[in-house]
Amino acid sequence: MTTKSKKVLISGAGVAGLALAHWLDRGGFNVTVVERAPAVRHGGYAVDFRGEALDVLDRMDLLERIRALDTEMGEAAMVDAEGRQYATLPAAVFAGDLEVPKADLTRLLHAAARDSAEYLFGDSISGVEQDADGVNVAFESGLSRRFDLLIGADGLHSRVRSLTFGPEERFVRPLGICTAIFSLPNHLGLHHTGQLYVSPGKAANMFAGDSAGRARAALHLAVEDLEYDRDDTDAQRRLIAERFDGEGWEIPRLLTEMRAAEDFWFDTNAQVIMDTWSDGRVVLLGDAGYCAAPTSGRGTSQALIGAYVLAGELARPDSDHTTAFTAYETTMRPFVTEHQAVGREGAERFFLPAPSQEVLDMLAANAPENTRTEAVRLPDYAPR
Ligand SMILES: Cc1cc2nc3c(=O)[nH]c(=O)nc-3n(C[C@H](O)[C@H](O)[C@H](O)COP(=O)(O)OP(=O)(O)OC[C@H]3O[C@@H](n4cnc5c(N)ncnc54)[C@H](O)[C@@H]3O)c2cc1C
């Protein structure tokens, strides 16, 4: 069978799924993408890129367009309960080599991959049965189709993972932080900067690119064994509001904005730890298989590089899917292991109370060395 006749289903039109659709189409595959949301999601936070991910963007011909959207963050202010600045956080600590709003990234990736695949929005897989020659997939809409390969790029709470590998609890390791994120009017007039506030077991921040645009806020809580309903956003808002009640800085204003925010997002920070990312004709990509947690600042880079490597290995003329999945995993494992270690370290120092300038400078001094890993070398599947 030539790659042109190979049918691949990607679950999830996020960073990983969209990048993979682009590369698989270029490799001659017949691609379908199913996305639970009614359209490509527009997350409210900014993501940064590190190291080899910039090479992948370059090879996708997107680097210049992404650079044009750089939030161009400068240093941010650490502030106390009265809003007085006591230290400065260098941008290297939180904005990577390049930082863009995730909404802009997915919009650009979708524009690049729009003609590369058939898109099924507002649907999700509900059943998977594979045999030696293919995978039968049932959809919530009632549709049922057969594919040669199924790729789970459906994020931290991957449906492909739970249907193929087992329940989420076996693989998802919470890091003791839950986070709420939303956008709000930029009442502080922030311009390519932010303010950060920390108190025991709590951290909050507000950032903005251009002062003319909206700002984004994040409220983080230290939690142990938090059980919550992922669909009950009212309960999530209540949890955050109760725990932040009485805090200083801009917290009262942030809580008011949070209650009304239409783009409110909430989740625990967690990693996905798996011995293997593939089972027969099913393979996981990005957060679904190896989430490093937001505290790593590496998730987007991993998703982009993983998509490039997976598609490159699948498109090798002398390769079958088993060989390709093994090569993908061999190339990506050291990289993922390193990023997950960074994610765990980040979580450990997340609620450091009132960090001194010395500590913040030390973090910044380490940042450049963290931005470029020696562990992965991008194979040359596609010309730059
Ligand atoms: C608060 C926060 C801040 C972050 N900051 C950074 C940062 O600074 N730098 C960085 O590199 N990374 C950051 N990340 C991580 C980054 O966003 C992810 O690692 C990256 O987006 C992973 O891409 P993905 O495609 O694997 O998953 P996602 O982007 O989560 O995409 C998964 C997609 O699958 C869809 N989906 C889910 N379930 C189903 C289903 N059942 N059926 C169909 N579709 C489904 C979702 O709707 C979504 O579109 C941050 C993450 C968070 C939460």
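The present account deals with the structure reproduced in this document. Nothing here was measured: the structure is a model prediction, and the numbers come from that model. (Residues numbered from 1 in each chain as written. Predicted model: local features only at pLDDT ≥ 70, side-chain atom pairs only at ≥ 80, totals over all residues. Heavy atoms only, no water.)

**Some thoughts on the side chain of Thr164**
As for its placement among the helices and strands, Thr164 is situated in helix H6 (residues 159-164). Side-chain polar atoms of Thr164 contact the backbone oxygen of Val160, separated by 2.9 Å. Not counting chain neighbours up to four residues away, the residues in contact with Thr164 comprise Val128, Gln130, Asp279 and Val282. (Helix = DSSP H or I, 4+ residues; strand = E, 2+ residues; numbered from the N terminus. Polar contact = N/O pair within 3.5 Å; in protein donor to acceptor, adjacent residues only side chain to side chain. Contact = heavy atoms within 4.5 Å.)

**Observations concerning the packing of aromatic side chains**
For any pair of aromatic rings, the description consists of the separation of the ring centres together with the inter-plane angle of the planes. Tallied over the full model, the rule gives 10 aromatic pairs. Taken together, the ring pairs connect Trp23, Tyr308 and Tyr381 into an aromatic cluster. (Phe/Tyr/Trp six-rings, centres within 6.5 Å; stacked < 30°, edge-to-face > 60°.)

**Comments concerning the sheet that holds strand S14 (residues 202-208)**
One open sheet holds the seven strands; their spatial order is S5-S4-S13-S14-S15-S12-S16, and the pairing between them is mixed. The outermost strands of the open sheet, each flanked by one partner alone, are strand S5 (85-89) and strand S16 (265-272). Strand-to-strand, the axes of this sheet are offset by a mean angle of 25 degrees, without reference to chain direction. Alignment of strand S4 (residues 76-79) against S5, held across four bridges, turns out to be antiparallel. Looking at the pairing, Ala76 lines up with Leu89 of S5. Set on the sheet, helix H7 (residues 233-244) makes contact with strand S12 (172-184), S14, strand S15 (215-222) and S16; between it and S15 the angle comes to about 75 degrees. (Pairing = 2+ DSSP bridges. Axes fitted to C-alpha atoms, helices over the stretch in contact; angles between N-to-C directions.)

**Concerning the sheet that holds strand S8 (residues 125-130)**
If you walk across this open sheet you meet the three strands as S8-S9-S10, and the pairing is antiparallel. On the outer flanks of this sheet lie S8 and strand S10 (144-147), each paired with one strand and no other. The mean angle between the axes of side-by-side strands here comes to 20 degrees, regardless of whether they run parallel or antiparallel. Alignment of S8 against strand S9 (residues 135-139), held across five bridges, turns out to be antiparallel. In the strand pairing of S9, Val128 is matched with Val137.

**Here we look at the nonpolar core**
Counting 77 residues, the largest nonpolar core has Ile10, Leu24, Phe49 and Ile151 as its most contacted members. With nine residues, helix H10 (residues 299-315) is the largest single contributor of residues to this core. Leaving out residues up to four positions away in the same chain, Ile151 has contacts with Val8, Leu9, Ile10, Ser11, Leu20, Leu24, Val283, Leu285, Leu310 and Leu314. Within the second largest apolar cluster, 28 residues are counted, among which are Phe182, Leu190, Ile251 and Leu254. (Core = buried A, V, L, I, M, F, W, Y, C linked by side-chain atoms within 4.5 Å. Buried < 20%, exposed > 50% of the residue type's maximum accessible area, 1.4 Å probe, protein only.)

**Digging into the pairing of strand S13 (residues 193-199)**
Across the seven residues of S13, seven count as buried, placing the element largely inside the fold. Taking every second residue as pointing to the same face, both faces of S13 are buried, with Thr193, Gln195, Tyr197 and Ser199 on one and Gly194, Leu196 and Val198 on the other. Relative to S13, S4 runs parallel, the two being bridged by three bridges. Directly across from Ala77, in S13, lies its bridge partner Gln195. Where S13 lies against S14, seven bridges are found, and the strand directions are antiparallel.

**Quick word on the site of the ligand**
Around the ligand, the surrounding shell holds 32 residues, and the nearest of these are Ala16, Glu35, Arg41, Asp48 and Lys102. One of the side-chain N or O atoms of Tyr45 is found 3.0 Å from an oxygen atom in the ligand. Within the contact set of the ligand, a nitrogen atom lies 2.7 Å away from a side-chain nitrogen or oxygen of Asp48. For the ligand, whose unbound accessible area comes to 990 Å², protein coverage reaches 90%. (Near = heavy atom within 4 Å. Areas by Shrake-Rupley, 256 points an atom, 1.4 Å probe, with all protein chains shown as cover.)

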